[in-house]
Amino acid sequence: MNSIEQSSKLTTKNTMNGAEAMVHMLEAYDVRYIFGLCGDTTLPFYDAMYRLDHPITHILTRDERHAAYMADAYARVSGKVGVCEGPSGGGATYILPGIVEANESSVPVLAITSDVSTTSRGRFPLTELDQKALFKPLTKHNDMLDDASRIAAQIRETFRAMTSSTPGAAHLGFPFDIQKANVVPTEVYADRNQGYFPSTRSVADPAKAEIAIDLLLASKSAIIICGGGIVLSSAENELLELANSMNTPIATTVSGQGAVAETHPLALGVVGSNGAMPQTRAVVDEADLVFYIGCRAGSVTTERWRSPKPGTTIIHLDSDPKVIGTNYQTVIGLIGDAKLSLALLNASLSNRDETVDHHGRDRVGIAVTSKFEAFQNLAQKDDDLILPERIISDLQSVLDDDAVICADPGTPCPYFSAFYRWPKAGRHFITNRAHGALGYALAASIGAQFGRPDARVVAAMGDGSFAFCCGEMETITRYNLPITMIVFSNAVFGWIKAGQKSGFDRRYHNVDFNRTDHAGVAKAYGIKSWTVSDPAKLKEVLREATSLDQPTMVDIICQPLQDTNAPVSEWVA
């Protein structure tokens, strides 16, 4: 099939309306799912989806924020643009948090929000707001479809922007009257390749690549630290080739997990204040060179720019030139796609007579062995309260290698990041690290399940997060998605309480709440569920819950986060 696609489902009419054009354009970009919620300003669009013959399935969600989270996770696991939609007014404001998260995570998600008619603007119609101004600072691309003759061209511009260079999220406002206005069918065509990301790639400057290899060959104890750019670019093989060539350890950020299999002998694991341990931190601090790849070197990754130490030799590769040199003095900056640029570095290294050994396997082996000895001691405890370590260990023992875990901030994120050992590279772990809003994981698991239907998908959340998102359990049951939900139940906003404990002399204020019967709530939605408080029973319950071909919920009464040995060095990063 040609990459330049014209929708095959066009009618023999000489005209179509704007809503029909939108459906045909999305089909031409190989969109297969739209996550969203109905509203009166969206009626023409819904009518077009109902009447036309197309392969797109609309997934009805229970609020617009979660529609955006679903589209985000769908994009991450599928490599395709995620699409969400919502109505004007409150729908546009509700969908915004998910778009911000996707954009800051370099994930291409398109939000289509319907709007009041262009002829009604300024006359105080219900739900009017300035959508273009609302989304402008928070998206990579933002536009209003105010002219029916330009709908297709604007959609093409939007997909190009979302998927080229550093991917990002976009917004299109879709007024009611434009949805019903006539569009010329011959304008409806698209480059299907731009429905996937990254659709265009650039390679780093070869001369600078040679300098980077010089520095790596001169180093005695280099380390590679990968952000999400490796997985977004599908550069896992090129990364491993470079690291193997020099026996260089590979560390990741939380978002960068999947850059390398966690069980690989060069995989140090997550570094930074959320997910690192003293053993892994020491490897970073002792390095004489740090090679950042697809990573912003932000506050969490660097423990507020203290690890690596200032003055360490830095090489930085990223598709976004703005991040290079922002937080560390950089000896050489490489601007380009991770996959192509690492291939360039590998070619340069293979042409050299010199070689180097960064002793990565030895350095990683010592650190990882020590880290997991301490973890296993806690994971095997049969205390009155189930420890988070026990949950991670037991879950890993029952899940297949290709499982996808979506984790909320709070208790799940640092524990999965530090201790769950994914045996395969690629996207198997999804968490919202750009802004860390609660209530992400359950919705993300729905998007991930549609994007990877053959995998077991797990949504891990604290009970604080559960209250943000439990309405989407109805969505899970309506589509009979075999997602397993796990609640770390400790009746506290634990991350904040831990911060009050460590930094504010235990002055606990308004962080505790009543315990909820999460299993009972799940049962009310028709979900098979368990409550577990006995560590000895946890593994078998998890085994059963993750083996059933239906939605399941395990409510685990566990140790409060502020009392744990959490792999968190600073609660305010």
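Values in this document were obtained by computation on a predicted structure and should not be read as measured data. (Residues numbered from 1 in each chain as written. Predicted model: local features only at pLDDT ≥ 70, side-chain atom pairs only at ≥ 80, totals over all residues. Heavy atoms only, no water.)

J.: Would you mind showing me how to read a nonpolar patch on the surface here?
T.: A contiguous nonpolar surface patch, about 270 Å² in accessible area, is contributed by Phe468, Phe493 and Ile496. The topology assignment puts Ile496 in helix H19 (residues 494-503). (Patch = residues over 30% accessible without salt bridge, like charges linked within 9 Å, V, L, I, M, F, W, Y side chains within 5 Å. Areas by Shrake-Rupley, 256 points an atom, 1.4 Å probe, with all protein chains shown as cover. Salt bridge = Lys/Arg side-chain N within 4 Å of Asp/Glu carboxyl O. Helix = DSSP H or I, 4+ residues; strand = E, 2+ residues; numbered from the N terminus.)

J.: Where do I start with the sheet that holds strand S15 (residues 313-318) in this structure?
T.: Hydrogen bonds along the backbone pair up the strands of a sheet, which may run parallel or antiparallel. Strand order in this open sheet of six strands is S13-S12-S11-S14-S15-S16, and the pairing throughout is parallel. The open sheet has two edge strands with one neighbour each: strand S13 (267-270) and strand S16 (332-335). Here the strands of the sheet are splayed against their neighbours by 15° on average, with no regard to which way each runs. In this sheet, S15 lies alongside strand S14 (residues 289-293) in parallel orientation, the contact comprising five bridges. The residue of S15 that forms the bridge with Ile293 is Leu317. Together, strand S11 (222-226), S14, S15 and S16 form the strand contacts of helix H8 (residues 206-218), whose direction differs from that of S16 by roughly 135°. (Pairing = 2+ DSSP bridges. Axes fitted to C-alpha atoms, helices over the stretch in contact; angles between N-to-C directions. Contact = heavy atoms within 4.5 Å.)

J.: Before we go on, may I ask you to explain the packing of aromatic side chains in this structure?
T.: For any pair of aromatic rings, the description consists of the separation of the ring centres together with the inter-plane angle of the planes. For the structure shown, the criterion picks out 21 aromatic pairs. Judged by centre distance (6.5 Å) and plane angle (75°), the ring pair of Phe416 and Phe488 falls under edge-to-face. Here the residue Phe416 occupies a position in helix H15 (residues 412-419), and Phe488 occupies one in strand S20 (residues 484-489), the gap between them amounting to 72 residues. Owing to a relative accessible area of 0%, Phe488 belongs among the buried residues under this scheme. Site record: aromatic cluster; members linked through ring pairs are Tyr33, Phe35, Tyr74, Phe450 and Tyr479. The ring of Tyr189 has Arg156 lying over it, and the distance from NZ or CZ to the ring centre is 3.8 Å. Cation over ring: Lys497 sits above Tyr508, and NZ or CZ is 4.7 Å from the ring centre. (Phe/Tyr/Trp six-rings, centres within 6.5 Å; stacked < 30°, edge-to-face > 60°. Buried < 20%, exposed > 50% of the residue type's maximum accessible area, 1.4 Å probe, protein only. Lys NZ or Arg CZ within 6 Å of the ring centre and 35° of its normal.)

J.: Sorry if this is basic, but what is going on with empty space enclosed by the protein here?
T.: Take a probe with the size of a water molecule and roll it over the atoms, and the empty space left behind shows itself. All chains considered together, the criterion is met by five cavities of 30 Å³ or more. Here the largest cavity defines a volume of roughly 60 Å³. Lining the largest cavity, in full, are Glu262, Ala267, Leu268, Gly269, Val368, Lys371, Phe372, Ser417, Ala418, Phe419, Tyr420 and Arg421. Of all the secondary-structure elements, those providing two or more residues to the lining of the largest cavity are S13, helix H13 (360-379) and H15. (1 Å grid on protein atoms, 1.4 Å probe; cavity = no way out; pocket = protein on both sides within 12 Å on 5 of 7 lines; lining within 4 Å. Points joined across faces, edges and corners; volume = space filled by probe spheres on them.)

By themselves, these observations are geometric and do not establish any function.
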